[in-house]
Amino acid sequence: MKVAAITITYNRLELTKRTIDSFYSKTSVDYHLFIDNGSTDGTVEYLKDNFDYIPLGENYGITEAFCLGVSKIDGYDYILKLDNDVETITEDIIERMVWFLDRNQNYAISPVDLNLLPNFKPVTLRKFMKDGYKVEVSSHTGGAFQLARTDIVKRLCKDKRHFKKGDYMIGHWYRRNNILPAYLTDLQMKHIGLNKSTSDYIL
């Protein structure tokens, strides 16, 4: 199974570098596309030398940038939304998430965010063990580090009104479409930048 990651950038170059270094020291993907929302701090020059990227020239926000990236993804089984302010904690995290999704296709999954503020913690709807993992089905999952089937993500991007309203409404869309938003609580990351759920703010 092949995984493509999409990361949206807008300045914060040092956080982007920390995200990339942390991620690739612990795991990997088959393809990584960056969409830059008009950075002015050297981010574009850094991406140009190291990754496939699309420079938008100005800030269109998360939804438009991410869904543009999704429209460019073909031939990959899963899409990872990886924000540019995330520290990866668990070794081989992508391999482990893919292993779970290969067996449970109707999920959109995230690792636990060790820096999640209590006020932003999603409502836990169910807890159980599945295929050796502790699973928490929630009102919504961590949008900073989320993996789902490509066809699910493409469908989500066709209905941008849910995406624009943030993680909770994305979770509502998932459940309405028989997708379970869930945390695999054995897997961990740290959201080192925003430390909160994200609506469609301008970065």
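Moving on to the state of the cysteines. What the rule picks out here adds up to 1 disulfide. Each disulfide pairs two cysteine sulfurs, and for Cys 67 the partner residue is Cys 157, the sulfurs being separated by 2.3 Å. Measuring handedness by torsion sign, the sulfur bridge of Cys 67 and Cys 157 sits at about -85° and is left-handed. Of this pair, Cys 67 sits in helix H3 (residues 61-71) while Cys 157 sits in helix H5 (residues 150-158), and the two are 90 residues apart along the sequence. Cys 157 carries the same exposure label as Cys 67, and that label is buried.

Here the focus is the pattern of salt bridges. Pairing between side chains of opposite charge can happen when their charged atoms approach one another. Applying the stated criterion across every chain yields a total of 6 salt bridges. As a salt-bridge pair, Glu 136 and Lys 127 come within 3.8 Å of each other at their nearest N and O atoms. Look at Lys 127 and you get exposed, because its relative accessible area is 61%. Salt-bridge contacts for Arg 176 lead to Asp 159; the nearest nitrogen and oxygen are separated by 3.7 Å.

The pLDDT averaged across the protein chain works out to 91; a share of 95% of its residues lies at or above 70. Below a pLDDT of 50 lies the segment residues 195-203, which in the model reaches 30 contacts outside its immediate sequence neighbourhood of four places, other chains included.

With that settled, the discussion passes to the packing of aromatic side chains. With the rule as written, the count across this model stands at 9 aromatic pairs. For the pair Phe 23 and Phe 145, a centre-to-centre distance of 6.3 Å together with 55° between the ring planes defines the contact as tilted. Of the two residues, Phe 23 sits in helix H1 (residues 13-26) while Phe 145 sits in strand E9 (residues 145-149), which places them 122 residues apart along the sequence. Phe 23 gets classed as buried once you look at its relative accessible area, which sits at 0%. A relative accessible area of 0% places Phe 145 in the buried class.

With respect to the helices and strands, Thr 141 occurs in the loop between strand E8 (133-138) and E9. For Thr 141, the contacting residues outside a window of four places in its chain are Ala 108, Ser 110, Gln 146, Asp 167, Pro 181, Ala 182 and Tyr 183.

As judged from the 3 bridges shared by strand E5 (residues 86-88) and strand E10 (residues 180-191), these two strands associate in the antiparallel manner. Within E10, the residue paired with Thr 88 across the bridge is Met 189. As paired elements, strand E6 (residues 107-113) and E10 share 7 bridges and run parallel to each other. The residue bridging Ala 108 from the neighbouring strand is Pro 181, located in E10.

Let us look at the pairing of strand E3 (residues 52-55). Relative to E3, strand E2 (residues 31-36) runs parallel, the two being bridged by 4 bridges. When the bridges of E3 are listed, Leu 33 appears paired with Asp 52. Handedness of the E2-helix H2 (residues 43-50)-E3 crossover: right-handed.

Another point: helix H7 (residues 167-176). Listing the buried residues of H7 in full gives Asp 167, Ile 170, Gly 171, Trp 173 and Tyr 174. Projection of H7 onto a plane perpendicular to its axis shows the buried side chains occupying an angular sector of 160°, all on one side. On its buried face, H7 sits against E6, E9, H5, helix H6 (160-164) and E10. One or two residues past the end of H7 sits Asn 178, with phi positive at roughly 60°.

The rules we used
- Residues numbered from 1 in each chain as written.
- Predicted model: local features only at pLDDT ≥ 70, side-chain atom pairs only at ≥ 80, totals over all residues.
- Heavy atoms only, no water.
- Disulfide = S-S within 2.5 Å.
- Helix = DSSP H or I, 4+ residues; strand = E, 2+ residues; numbered from the N terminus.
- Buried < 20%, exposed > 50% of the residue type's maximum accessible area, 1.4 Å probe, protein only.
- Salt bridge = Lys/Arg side-chain N within 4 Å of Asp/Glu carboxyl O.
- pLDDT = per-residue confidence, 0-100.
- Contact = heavy atoms within 4.5 Å.
- Phe/Tyr/Trp six-rings, centres within 6.5 Å; stacked < 30°, edge-to-face > 60°.
- Pairing = 2+ DSSP bridges.
- Right-handed = clockwise from strand over helix to strand, strands pointing away.
- Arc of directions from axis to C-beta.

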